[in-house]
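# Chains, contacts and geometry: an overview
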Amino acid sequence: LFLCYNNPLGVELRSVLGKKENLTVSNFHGFCRDIAIYAGVEADNPEENAENLFENHESANHEKYDAIVIDEGQDFKDEWLVVLQMLLKDYDNGIYYIFYDDNQNVRHSSREFIRSLPYAKRRLSQNFRNTKHIFSVAEPFYMGNPVRPTGPLGVVVEFKEYPISVGPWVTANSVVRNLVDSEGIKVENIAVLVRSRSEIQAYLKSKTGGARLGGKGITSAAERLNNSIVLDSVSRYKGLESAAIVLICSEGMEKDAELLYTGMTRARTLLYIILPKGKKQFILKPQ
């Protein structure tokens with residue numbers, strides 16, 4: 001059983017791994033829903049399916065697992081991790097791996113279960129995803145053991161400031177248009193990330209917005225359609241990555257270290273940070 005938290009990441013993992021015998025890949029709530037369906041008691045509320053996972057698993061007489069691997073462990077509630085361990089065929093000696101990053105704990109979930117695990121812990125100390133320039137901008141928002149960037153130097157991160165009275169979307173449209181038309185970046189390699197999905201809804205309903213960004217079609221992280229630019233929240237894009245990230249920092253987001261760190265480190269090669277005028281100093285020199 002291979003689980004993550006985010007649905008978009010679950011979609012990506014299933015696509016990459018494909019269908020394999022004896023392998024179940026899903027996001028957590030999707031897995032809970034599937035088990036509830038097997039048991040014939042699917043609830044409309046995802047949290048109810050999660051709360052009843054063990055009972056539903058037993059009721060469905062579903063086979064237990066030799067190994068459970070969890071990604072995005074920082075987003076899992078302690079009680080979920082306890083129940084998932086109970087789904088192992090061998091509770092005491094079964095394989096149970098949890099990968100997590102406290103710096104991406106944008107949901108501020110508890111981590112007492114992870115800290116209490118009696119198993120060997122392995123610290124991942126190298127950053128393979130980001131260029132050194134991207135890593136250097138994100139590093140001040142990283143609170144943990146030292147991590148060494150191993151990627152190429154790359155290009156300098158670009159900051160684009162906007163007047164609060166105007167908002168970020170005119171600038172975002174300009175940046176995306178430049179990436180595609182002038183820099184030759186494929187639209188599938190661009191993701192525009194914001195603090196919350198409500199900001200996306202406001203954009204879609206605005207005169208500036210609609211179903212396009214920079215003159216190109218847009219899609220959500222879960223769909224990731226060809227010839228479309230991903231427009232989604234930082235939280236829903238966790239675990240994923242793109243060659244180019246346009247990170248829109250709305251007013252006050254400069255104070256959210258986990259969200260900034262997560263958003264910045266989704267970029268492999270190019271990172272554009274769009275933020276209100278006068279806020280750049282809070283990114284370069286966090287308080």
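An account of the accompanying structure is given in this report. (Residues numbered from 1 in each chain as written. Predicted model: local features only at pLDDT ≥ 70, side-chain atom pairs only at ≥ 80, totals over all residues. Heavy atoms only, no water.)

To continue, consider a negative patch on the surface. A contiguous patch of negative charge on the surface is contributed by D44, E48, E51, E55 and E79. Following the sequence through the fold, E79 ends up in helix α5 (residues 78–85). Note on E79: relative accessible area 47%, which makes it partly exposed. (Patch = residues over 30% accessible without salt bridge, like charges linked within 9 Å, V, L, I, M, F, W, Y side chains within 5 Å. Areas by Shrake-Rupley, 256 points an atom, 1.4 Å probe, with all protein chains shown as cover. Salt bridge = Lys/Arg side-chain N within 4 Å of Asp/Glu carboxyl O. Lys, Arg positive; Asp, Glu negative; His and termini not counted. Charge placed at Lys NZ, Arg CZ, Asp CG, Glu CD. Helix = DSSP H or I, 4+ residues; strand = E, 2+ residues; numbered from the N terminus. Buried < 20%, exposed > 50% of the residue type's maximum accessible area, 1.4 Å probe, protein only.)

Next up on the list: α5. With six of eight residues buried, α5 lies mostly within the body of the structure. Along α5, the residues classified as buried are D78, W80, L81, V83, L84 and Q85.

The next point concerns the packing of aromatic side chains. The final tally for this structure, using the stated rule, is nine aromatic pairs. Measuring from centroid to centroid gives 4.5 Å for F28 and W80, while their planes differ by 25°, and the two rings are stacked. Residue F28 is located in helix α2 (residues 28–39), and its partner W80 is located in helix α5; the two are separated by 52 residues in the primary sequence. Accessibility expressed as a relative area gives 0% for F28, which makes it buried. You can call W80 buried: its relative accessible area is 7%. Ring centres 6.2 Å apart and planes at 85° place the aromatic pair F76 and W80 in the edge-to-face group. For F76, a relative accessible area of 0% gives the class buried. (Phe/Tyr/Trp six-rings, centres within 6.5 Å; stacked < 30°, edge-to-face > 60°.)

This part is about the nonpolar core. Membership of the largest hydrophobic core comes to 31 residues, with the highest contact counts inside it found for L247, M264, L271, I273 and I283. Looking at this core, the elements that each hand over two or more residues are β1 (2–4), α1 (7–17), α7 (132–138), β8 (190–194), β12 (242–248), α10 (257–264) and β13 (267–276). The contact partners of M264, leaving out residues within four places of it in the chain, are I134, V137, A138, F141, L247, L271, I273 and I283. (Core = buried A, V, L, I, M, F, W, Y, C linked by side-chain atoms within 4.5 Å. Contact = heavy atoms within 4.5 Å.)

Attention now moves to the sheet that holds β13. An order of β7-β13-β12-β8-β11-β10-β9 is seen for the seven strands of this open sheet, with the pairing classed as mixed. Two strands close off the open sheet at either side, each with one partner strand: β7 (158–162) and β9 (212–213). Across the sheet, helix α9 (residues 197–205) touches β8, β9, β10 (216–219) and β11 (228–233), and the angle it forms with β11 is around 130°. (Pairing = 2+ DSSP bridges. Axes fitted to C-alpha atoms, helices over the stretch in contact; angles between N-to-C directions.)

Time to look at α10. With six of eight residues buried, α10 lies mostly within the body of the structure. Residues of α10 that are buried include every one of L259, L260, Y261, T262, G263 and M264, and no others. The inward-facing, buried residues of α10 abut α7, β8, β12, β13 and α11 (280–284).

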